[in-house]
Amino acid sequence: MSEIDEIVGEFLVESYENLDRYDEDLLALERAPSDGEVLGSIFRTIHTIKGTCGFFGFERLESVSHVAENLLGKLRDGELVVTNEIASALLATGDALRGMLGDIEATGQEGEADHAELVATLERLHAGESAVVAPPAAAPLADVTPVGTGTTADPVGDTEPPKRLGDLLVEQGVASADDVALALHAQELGDSRPLGEILMEQAKVPVGEVDQTLASQASARGLADSSIRVDVGLLDELMNLVGELVLARNQIVQLVTEDQDSSFASASQRLNLITTELQEGVMKTRMQPIGNVWNKLPRVVRDLSLSVGKQVDLVMEGQDTELDKTIIEAIKDPLTHLVRNAVDHGIETSEQRVAAGKSATGHLVLRAYHEGGQVNIEIADDGAGIDATKLKAKALEKGLISAQQAGAMSEREALQLIFGAGFSTAAKVTNVSGRGVGMDVVRTNIERIGGTVDVNTELGQGTTFKVKIPLTLAIIPALVVSSQGDRYAIPQLNLLELVRLEGEQARTGIELLHGAPVYRLRGRLLPIVRLDDELGHTRRDDARDVINIVVLQADGHQFGLVVDDITDTQEIVVKPLGGHLKDATLFAGATIMGDGRIALILDVLGIAQRARVVSEARERSASLTDRDEAVAANDARRTLLLVGVADRRAAVALSEVSRLETFDPATVEWASGKEVVQYRDEILPLVRLGDAIGVYGGGNGEGPLEVVVHEVAGRAVGIVVDAILDIVEQELHLDQGDGRPGLLGSAVIQERVTDVLDVAAIVATVDPARFASDTFLGA
Amino acid sequence: MTTDNEFCTFRLDHLTFGIEVHQVQEVIRPQALTAVPRSNPVVQGLINLRGQIVTAIDLRRRLELPERPEGQEAMNVVVRTPEGEVSFLVDEIGDVVHVDEHSFETPPDTVEGVARELITGAYKLDDRLLLILDVQRTVQLPTAA
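Residues numbered from 1 in each chain as written. Chains lettered and ligands numbered in written order. Predicted model: local features only at pLDDT ≥ 70, side-chain atom pairs only at ≥ 80, totals over all residues. Heavy atoms only, no water.

Going by what an unreviewed UniProt entry lists, chain A is known as histidine kinase and is assigned to Egicoccus halophilus. Here chain A is described in UniProt, under the heading Subcellular location (unreviewed entry), as follows: "Cell membrane". Word for word, the UniProt comment on chain A under Catalytic activity (unreviewed entry) is "ATP + protein L-histidine = ADP + protein N-phospho-L-histidine." (UniProt positions renumbered as here; feature names shortened; annotations may be inferred.)

Caption draft 1: Region of interest: the packing of helix α3 (residues 59-76) of chain A against helix α4 (residues 84-107) of chain A. All names here are of chain A. Where α3 contacts α4, the two axes come as close as 10 Å, and the packing angle between them is 155 degrees. Taken together, the axis directions place α3 and α4 in an arrangement best described as roughly antiparallel. The chirality of how α3 crosses α4 is left-handed. When α3 is examined against α4, the residues Arg-60, Leu-61, Val-64, Ser-65, Ala-68, Leu-71, Leu-72 and Leu-75 are found in contact with a partner set consisting of Ile-86, Leu-90, Thr-93, Leu-97, Met-100, Leu-101 and Ile-104. Classifying every residue of the contact of α3 with α4 gives twelve nonpolar, two polar and one charged. (Axes fitted to C-alpha atoms, helices over the stretch in contact; angles between N-to-C directions. Helix = DSSP H or I, 4+ residues; strand = E, 2+ residues; numbered from the N terminus. Parallel < 35°, antiparallel > 145°, perpendicular 65-115°, else oblique. Left-handed = near helix turned anticlockwise from the far one by under 90°. Contact = heavy atoms within 4.5 Å. Nonpolar A, V, L, I, M, F, W, Y, C, P; charged D, E, K, R; others polar.)

Caption draft 2: The sheet that holds strand β10 (residues 495-502) of chain A, seen in detail. Residues and elements named next belong to chain A. Across the sheet, six strands lie side by side as β10-β14-β15-β13-β12-β11; this open sheet has mixed pairing. Here the strands that pair on one side only, and so sit at the sheet edges, are β10 and β11 (510-513). On average, each strand axis in the sheet is tilted by 40 degrees relative to the strand beside it, whichever way the strands run. Two elements, strand β12 (residues 516-521) and strand β13 (residues 524-530), share four bridges in a ladder whose sense is antiparallel. From the neighbouring strand, Arg-520 faces β13, where its bridge partner is Leu-525. (Pairing = 2+ DSSP bridges.)

Caption draft 3: Region of interest: the confidence of the model for chain A. Taken as a whole, chain A shows an average pLDDT of 76; of its residues, 78% reach a score of 70 or greater. Overall, residues 424-437 of chain A carries pLDDT values under 50, and its contacts beyond four positions in sequence, including any with other chains, amount to 31 contacts. (pLDDT = per-residue confidence, 0-100.)

Caption draft 4: Examining the interface of chain A and chain B more closely. On the chain B side, the residues contacting the 25 residues of chain A number 24 residues. Of the roughly 1,800 Å² buried between chain A and chain B, counting both surfaces, carbon and sulfur atoms make up 60%. In terms of surface lost to chain B, no three residues of chain A exceed His-580, Leu-581 and Ile-598 of chain A, which account for 37% of the buried area on that side. Applying the counting criterion to the chain A and chain B interface returns four residue pairs in polar contact (both at pLDDT 80 or more). Within the residue set of the side of chain A that touches chain B, elements represented by two or more residues are α12 (232-258), α23 (531-534), β17 (587-592) and β18 (598-602) of chain A. (Buried area = accessible area lost by both parts, 1.4 Å probe. Polar contact = N/O pair within 3.5 Å; in protein donor to acceptor, adjacent residues only side chain to side chain.)

Caption draft 5: Broad picture of the pattern of salt bridges. All names here are of chain A. A full pass over the atoms with the stated rule returns 39 salt bridges over all chains. In this structure, the salt-bridge partner of Arg-286 is Asp-324, at a minimum N-O distance of 3.1 Å. With Arg-286 in the loop between α13 (262-285) and β1 (287-289) and Asp-324 in strand β3 (residues 322-324), the pair connects residues that are 38 residues apart, well separated along the chain. By relative accessible area, Asp-324 is classed as buried at 1%. Across the salt bridge formed by Arg-500 and Glu-502, the nearest N and O atoms sit 2.7 Å from each other. Among the ionic contacts, a cluster of salt bridges with common partners joins Asp-20, Asp-23, Glu-30, Asp-95, Arg-98, Lys-296, Arg-299, Arg-302 and Asp-303. (Salt bridge = Lys/Arg side-chain N within 4 Å of Asp/Glu carboxyl O. Buried < 20%, exposed > 50% of the residue type's maximum accessible area, 1.4 Å probe, protein only.)

Caption draft 6: Representation of the sheet that holds strand β11 (residues 129-133) of chain B. Here six strands make up an open sheet; going across it, the order is β8-β1-β2-β11-β10-β9 (chain B) and the pairing mixed. Among the strands making up the open sheet, the edge pair consists of β8 (92-98) and β9 (104-105) of chain B.

Caption draft 7: Examining the pairing of β11 of chain B more closely. Residue and element names in this part refer to chain B. Judged by how many residues are buried, β11 sits mostly within the fold: four of five residues are covered. Pairing between strand β2 (residues 15-20) and β11: three bridges, direction parallel. Residue pairing across strands places Phe-17 opposite Leu-131, the latter belonging to β11. Relative to β11, strand β10 (residues 119-124) runs antiparallel, the two being bridged by five bridges. Bridge pairing in β11 places Lys-124 opposite Leu-129. Between β10 and β11, which pair antiparallel and follow one another directly, the connecting turn spans four residues.

Caption draft 8: Quick look at a negative patch on the surface. Residue and element names in this part refer to chain A. Taken together, the side chains of Asp-5, Glu-6, Glu-10 and Glu-14 present a region of like negative charge at the surface. When you line up the elements, Glu-10 lands in helix α1 (residues 3-31). With a relative accessible area of 55%, Glu-10 lands in the exposed category. (Patch = residues over 30% accessible without salt bridge, like charges linked within 9 Å, V, L, I, M, F, W, Y side chains within 5 Å. Areas by Shrake-Rupley, 256 points an atom, 1.4 Å probe, with all protein chains shown as cover. Lys, Arg positive; Asp, Glu negative; His and termini not counted. Charge placed at Lys NZ, Arg CZ, Asp CG, Glu CD.)

Caption draft 9: Focus on the environment of Arg-688 of chain A. Residues and elements named next belong to chain A. The topology assignment puts Arg-688 in strand β24 (residues 682-688). Classification of Arg-688 as partly exposed rests on a relative accessible area of 28%. C-alpha separation for the pair Arg-688 and Gly-718, spaced 30 residues apart in sequence, amounts to 8.4 Å. Those residues in contact with Arg-688 that sit more than four places away from it in its chain are Glu-675, Leu-705 and Val-720. Here Glu-675 takes part through its side chain, which lies 2.9 Å from a polar atom of the side chain of Arg-688.

Caption draft 10: Seen up close, helix α5 (residues 116-126) of chain A. Residues and elements named next belong to chain A. Inspection of α5 places Leu-118, Val-119, Leu-122 and Leu-125 among the buried residues, and these make up the whole buried set. Each buried residue of α5 lies within a common arc of 130 degrees when the element is viewed along its axis, so the set occupies one face. Residues of α5 that are buried make contact with α3 and α4. Just downstream of α5 lies Gly-128, where phi reads positive at about 85 degrees. (Arc of directions from axis to C-beta.)

Caption draft 11: Here's a closer look at the packing of aromatic side chains. The full count for this structure, using the stated rule, is four aromatic pairs over all chains. Judged by centre distance (6.1 Å) and plane angle (15 degrees), the rings of Phe-10 of chain B and Phe-17 of chain B are stacked. Here the two residues Phe-10 of chain B and Phe-17 of chain B agree in accessibility, since each one is buried. In this structure an aromatic cluster arises from ring pairing among Phe-7, Phe-104 and Tyr-123 of chain B. A cation over a ring is seen here: Arg-76 of chain A above Phe-43 of chain A, with NZ or CZ 4.0 Å from the ring centre. (Phe/Tyr/Trp six-rings, centres within 6.5 Å; stacked < 30°, edge-to-face > 60°. Lys NZ or Arg CZ within 6 Å of the ring centre and 35° of its normal.)

Right, here's the structure in full:
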């Protein structure tokens, strides 16, 4: 690298940093337009970039920053006040500069991006042709022109040199100027002692004061003097070495416990302590405050809320909370996504908020804190909340879950739907917000670094996303378990609790539910997975006195992992597995234990997937519904799917609905005089609801066919309706009505008279022999 | 074929194989193996190579040779690959041999199967054939085993 490249490199790094602060400063200025200090800082940033560009001959960069500087000059002189428009233009300038710096970094040239429009905007604003012209009295000059950024001739970019101790002491009234001068004179005459010591000896100042002043002088030296830039590659290497050291330490500590030679023991004790401290120290060098990610977010919130016409107040708490650099990188995108979602979908418009009795401005709170060796990040809005019922309806409509599953789902489970893949491309059929967009990616990214994400919501009150992530990826606390003599490590992050069944409990505690083992954990059924089964080991004698269940969480689901033994918890150094083991999805990596042997790290999500905990849980809840159905039949409260047919509304018990589908009318074929479509490799007979219940008119001409698929004994039939309206849960007071075919009667649902369908009778019209009416399960 | 004509040799079943010396990092004694359940059967396990975790591939299985007799321990030939070190488990380590370039011949068309894919050719030594292994291809396991 040539010298000039190096200088340009430094210029780039410095400019990027300056521009990040520039954005923050601008947002701050927008809130407090008369803050001269902030304005000064903004001005200096642009001025410095402009000056250096001129030096390097980056003309385009120089010209854009020059125009921006002119505008800032007017702001500083109080001729203009900051408006939204000006702030936007200045923010755009920052983006443009960043773009050009990026080009310089990549190619050494400024690039060809056209900034004519931006320059024109800046010039127009500079000429004062903004929508809002500065009201003469609004910004008194004195406020806008503070000390320090005073005149245009002010040397820009200079930071004051640290004050000398003597000056500080005089300033604080601790020592008199004469005493200090005398002491300085003594130094000049050859007294080699520090100034403070001379003064103390002469009893001119109290001892404590000097120390205190010295301390304040040290801190005033500022970050620039007390920190150095270190190459990330070097830090990574150090981290690796420390990992090795931790492993070696573990081995030695283990050896020592076997061999009680005292001098060796004390040496290893010391090694143990030093290693721990060194590990913490190196980890700290890689730690960065989460504020480094967050500082982009005020801009995101500002831009997005402006563009969707909302008012959002962003509050950030715990910016200083530190995380490993690799993690910071990994959570950047997921966090931004969550924040965007909160602004876009979570927080309502001002009118809606006022109508709901809330403040016009929405509040978005980001909170980060350490807890139990991990970092918690909360993204909380006080918006409309997520309607679980609507989520279910949408998932049902998209065929992600069956009607039975929808019925059996708790609100908590329903909320998990937003993380489902396929939920992302949601069409706006119902008025469920688009919260699901990309949430599957958010969750995948967070789980990739061993984190979890959870959501809490209260209708009308707001939504909180809670992200838990490990502090670092390299060294994590883990639970060591064994299966058939082999040890495995389970990341503590996935661990909820340990359950130990003994004696009678061990024999009867785990029950079978339709062949699937479950354990009643505080009244809820916990699916049980046996580690030896998943690892493909032959199962050992089942008559055991003790059963160890490790309760784990993955993908929003809990399950119990039965292991032979639970050894202990310890810090493990995570090492990746080679590319040859890509298909070994049960493992997230490996580590070296104290005895030098390798233990595999279990990938809890991989095990859950392999054991089909997710789908099993769903099947189970579905089978529970069947049983509950008998009970529910007597219970008047039902979950109903509302559909539209012509100008009428009809309701069908959700338990009768297997799926909702949309077919292209062109795919409809005819078989034995009846309409059919090809569906899942079978022929699905269709029945038009209007025809079946004698309601005509309306209907859709060319649009897609909305079909309610009903399944009986493995055979399906599709009921064509005009529209899928909603899913409601309510008590059904049936009016028997006039006994029309296909109807059980009518009821008032959502304040409208609604026909309640007799699905069995309707499908019987398709093929009376196939769909005998004994399958009737009506309300 | 190759300009480097020094080979690290080893035995597998009754065959003698060679790997270019510069691709071999080291040869080590039998190591404790940690099995990786549900992985490719060619992967015999993981070994701890001075704190580094290295995948051990059973070359007998990789080359579809008969299984190593019970009780016979395998030596490790650790090779360098772009994705890090990999250990080949072999029966017995031979010498490093220097061969005459002119004695090289590519495999005849009658050689089939995995051998054709992994063996680039043979040097005709006085008493036997030295089969040259393509390390790159050998460490690339077919997916979904």
